[in-house]
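The lines below spell out each chain.
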Amino acid sequence: MAADLAAAGSRLTELRYGDATVRATFELSYRHLAPEQARLFRLMAVNPGRDISTAATAALVEQDLPDVRRQLEALARAHLIEHGMSYGRWRMHDLVRLFADQQGHILAESDGRLRAFTVLLDYYLDTATAAANHLSPARLDGGFDSPEQALPWLDAEFPNLVAAVEAAAADGDVLHVGKACALALALAPYLELRRSFAESVILADHAVHAARALGYRESEGSALSQLGAALGRMTRYDEALAAHDKAIALLHTVGDRHGEATALGNRASTLYLMGLSDEAIAVYADVAAIFHDLGDRHGEATALDNLGNSLREARRFDEAIIAHKAALAIFRETGDRYREGIALSGQGSALQGAGRVDEGITVYEEAVAIYRETGSRHDEGAGLASLGSALYEVRKLGKAIAACEAAVAIFRETGDRLEEGRALAILGSALAEVRRFEEAITAHREAVAIFQEVGDPYDEAMALTQLGAAQYRMRRFDDAISACSDAYAVFRKLDNHDGIGSPMLIILAIRVRRLLMWSAIAGGTGLAAGWSLNWQAGVAAAVATAAAATLPRTVFRRGMRLLSRSTGDIG
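What you see is a predicted model; the values in this text were computed from it and never measured.

Conventions used here
- Residue indices follow the written sequence of each chain, beginning from 1 at its first position.
- Reporting of local features is limited, given that this is a predicted model, to residues whose pLDDT is at least 70; pairs of side-chain atoms are given and counted only at 80 or more, and all residues count toward the totals for whole chains, interfaces and linings.
- Only hydrogens and water are set aside; all other atoms, that is, all heavy atoms of the structure, feed into the side-chain values.
- Only DSSP runs of H or I covering at least 4 residues are called helices, and only runs of E covering at least 2 are called strands; the numbering of each starts at the N terminus.
- The cut-offs for exposure are 20% and 50% of the maximum accessible area for each residue type, with area from a 1.4 Å probe on protein chains only; residues under the lower value are buried, those over the upper are exposed, and the others partly exposed.
- In this description, contact between two residues means that some pair of their heavy atoms is separated by no more than 4.5 Å.
- Residue-level accessible areas treat just the shown protein chains as cover; the underlying method is Shrake-Rupley with a 1.4 Å probe.
- Throughout, an axis means a line fitted to C-alpha atoms (over the contacting stretch in the case of helices), and angles, computed between N-to-C directions, take values from 0 to 180 degrees.
- Reported orientations rely on four angle classes, namely roughly parallel under 35 degrees, roughly antiparallel over 145, roughly perpendicular from 65 to 115, and oblique for the rest.
- Note on residue categories: nonpolar means Ala, Val, Leu, Ile, Met, Phe, Trp, Tyr, Cys or Pro, charged means Asp, Glu, Lys or Arg, and polar means any other residue, Gly included.
- By salt bridge we mean one thing: a side-chain nitrogen of Lys or Arg within 4 Å of a carboxyl oxygen of Asp or Glu.
- Should DSSP find at least two bridges between two strands, the strands are taken to pair.
- Residues enter a nonpolar core if they are buried and are Ala, Val, Leu, Ile, Met, Phe, Trp, Tyr or Cys, with the set joined through side-chain atoms within 4.5 Å.
- Two joining distances apply to patches: 9 Å for like charges and 5 Å for nonpolar side chains (Val, Leu, Ile, Met, Phe, Trp, Tyr), and every residue must have over 30% relative accessible area and no salt bridge.
- Whether a crossing is left-handed or right-handed is set by the direction in which the near helix is turned from the far one by less than a right angle, anticlockwise for left-handed and clockwise for right-handed.
- Each helix should span, by expectation, one fewer than its residue count multiplied by 1.5 Å.
- Scored from 0 to 100, pLDDT records how confident the predictor is in each individual residue.

1. Here's the deal with the overall build of the protein
For the protein, the count of helices and strands is 29 helices and three strands. When burial is assessed residue by residue, the protein has 52% of its 571 residues classed as buried. Sequence-distant contacts, at least 24 apart, represent 60% of the contacts inside the protein between residues at least 6 apart. About 25600 Å² of surface is accessible on the protein, with carbon and sulfur atoms providing 54% of the total.

2. What about unusual backbone geometry?
Of note, the phi angle at H79 is positive, near 65 degrees, even though the residue is not glycine. The residue H79 is located in the loop between α5 (65-77) and β2 (82-83) in this model. Note on H79: relative accessible area 69%, which makes it exposed. The phi torsion at R435 lies on the positive side, around 65 degrees, for a residue other than glycine. Mapped onto the secondary structure, R435 falls in the loop between α23 (417-433) and α24 (437-454).

3. Quick look at the packing of helix α4 (residues 54-61) against α5
Axes are the key here: two packed helices are described by the angle between their axes and the distance separating the axes. Here α4 crosses α5 at 105 degrees, and the two axes come no closer than 9 Å. It follows that α4 is roughly perpendicular to α5 by the angle criterion. Residues T54, A55, T57, A58 and V61 of α4 form the contact with α5, whose own contacting residues are L65, V68, R69 and L72. When grouped by side-chain class, the residues that make up the contact of α4 with α5 number six nonpolar, two polar and one charged.

4. Comments concerning the environment of L241
Turning to its location among the elements, L241 is positioned in helix α14 (residues 237-253). Put simply, L241 and L231 are 10 residues apart on the chain and 8.8 Å apart in space, counted from C-alpha to C-alpha. Among all residues touching L241, those that are not within four sequence positions of it are R267, T270, L271 and M274.

5. Brief notes about the pattern of salt bridges
By the definition in use, this model includes 37 salt bridges. Of the charged contacts in the structure, one is a salt bridge between E438 and R476, with a shortest N-O distance of 2.3 Å. Residue E438 is located in helix α24, and its partner R476 is located in the loop between α25 (457-473) and α26 (477-493); the two are separated by 38 residues in the primary sequence. Here the residues in one salt-bridge network are R332, R337, E340, E366 and E373, joined through shared partners.

6. Section: the sheet that holds strand β1 (residues 51-53)
Read across the open sheet, the three strands follow the order β1-β3-β2; overall the sheet is antiparallel. One side of each edge strand has no neighbouring strand; the edge strands of this open sheet are β1 and β2. Where β2 meets strand β3 (residues 89-91), two bridges bridge the pair, whose relative direction is antiparallel. Paired with E82 across the bridge in β3 is R91. Lying over the sheet, α4 contacts β1 and β3, oriented at roughly 85 degrees with respect to β1.

7. Things to note about the nonpolar core
Counting 110 residues, the largest nonpolar core has F41, M44, Y124 and L183 as its most contacted members. No other element matches the 10 residues that helix α9 (residues 147-171) contributes to this core. Membership of the second largest hydrophobic core comes to 36 residues, among which are I401, V408, I450 and F451.

8. Regarding a nonpolar patch on the surface
A cluster of nonpolar residues, Y458, M462 and L494, forms a patch on the protein surface that exposes about 250 Å² of accessible area. Within the secondary structure, L494 sits in the loop between α26 and α27 (501-522).

9. Section: the packing of α23 against α24
At a minimum axis separation of 8 Å, α23 and α24 run at an interaxial angle of 155 degrees. By the angle between their directions, the pair α23 and α24 is classed as roughly antiparallel. Our pair here, α23 against α24, has a crossing hand that is left-handed. Listed contacts from α24 to R417, L418, E420, G421, R422, L424, A425, G428, S429, L431 and A432 of α23 are F437, E439, A440, A443, H444, E446, A447, I450, F451, E453 and V454.

10. Here we look at the environment of A210
The topology assignment puts A210 in helix α12 (residues 197-214). Other than its neighbours up to four places away in sequence, A210 contacts V177 and C181.

11. So, α26
In a regular helix each residue adds 1.5 Å, so 17 residues correspond to 24 Å; α26 covers 24 Å between its end C-alpha atoms and thus fits that length. Buried within α26 we find F477, A480, I481, A483, C484, A487, V490 and F491. D495 sits one or two positions beyond α26 and adopts a positive phi of about 60 degrees.

12. With respect to the confidence of the model for the protein
For the protein, the mean per-residue pLDDT works out to 86, and 84% of the residues sit at or above 70. Taken together, the stretch residues 525-553 has pLDDT below 50 and engages in 37 contacts with residues farther than four places along the chain or on a different chain.

Listed below in structure tokens is the structure:
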């Protein structure tokens, strides 16, 4: 029987001739249902997800919520459904669901089965749109007062929403296919907030094919743009740029200037992720101008904020600060508190890059407060990590450690492994500065493992270097050489000449230290004398060797700063 239960069709057949006791049990309970309860039972199988809420069930059968709740309780007492993982949710065993589906197809016309699916899609689309709008700047009415209400609904219903998109897209009914496209596009703000990029790719791809099948060219362009953005976040850059280019061309052809500007902005975001800041700067400037001409204040502000991020990456900090301030003014004018926090975070990073770290700390703290107010947990974590970095830079180490520990906890809660690793790297450096070396080494090792897991070689090499520095300060020289050698190898593989200076200098200092110690012992000078000369001579030798290796001046200085922080514990 197990083999036949592998596919839905054969499972229905098996229920008809296989285990009569199971079927008889279902039929006995089913025959004792009141007519309206039996109809509800049959229509529950229409829901494509594994569970369903009371509210969605009421929409499905187009009845009042209290009446539907009583019917659901009756079905539960008959052991045909059971309570879900949270209050107000219901689920069926797979075999019961198949039995309900079989009965539903028999009575599909009298039950209004096709209409029920349409109504359920409308419920999901309308409610998801209202909820997602509360996560984005366009706060529309629709049953939610805040992100704190909208997010739990989206989290609970997300598996059903994905299943609804897939079922409607495969349905073949023109109306249903159109709703699948609209629902997939409506979920974009939620997917971005939850960083569900793999799911975003799947849903955007469904939307592209649905819109194309219907001949909805503007929707197809929007879906392609969303697909490109999601692919870019997954570092699938070639595919992302191809999707962006198709979207831009399509939206330009149909004369949708607003959609074209949005698609251009998404393409610039992918360029930014690729490290092509100069190209991103030019595109973002154009996008901001287009939105300004169209009178879209929010679009203009978003483009200005992204322009500031790209200017910062290009180390044009003063221009970046100006761009972020311009974006911030518009977000405040339009009352978009969440985006106000985003603009403040960008401004804080630009201030920190410009050396105005104390100002940056003040701005970061304001951003974190806004994220807490708006319930944006992931952004709160990002803001805390940035705040920790700035506090570390001005040697407010206790506060830096607290901020980074809070950031790590949030990233673990939200499942963002990459940002968790980056917060751990900052935490490890701060812990080393207060001589909590064992904790620092643990943090750096965890960071290295995460960067290896997610495939981020640059951050892996940086974390390995910091790990080596902490081990150096504990006189675990063999471990330090191993970590720095690994870092050096990764930087060489990346052809990153800026990164190799720090691990090279730590390795050289350890080797010179050992050479001097051995020389002192061999020459009879005495261990203490050789030891006292060790650091100064080690640095001198490292300087000479680094110079001979023709390290760029900026690389050499970066390495010396790291190495000099490791000297106070060795002598």
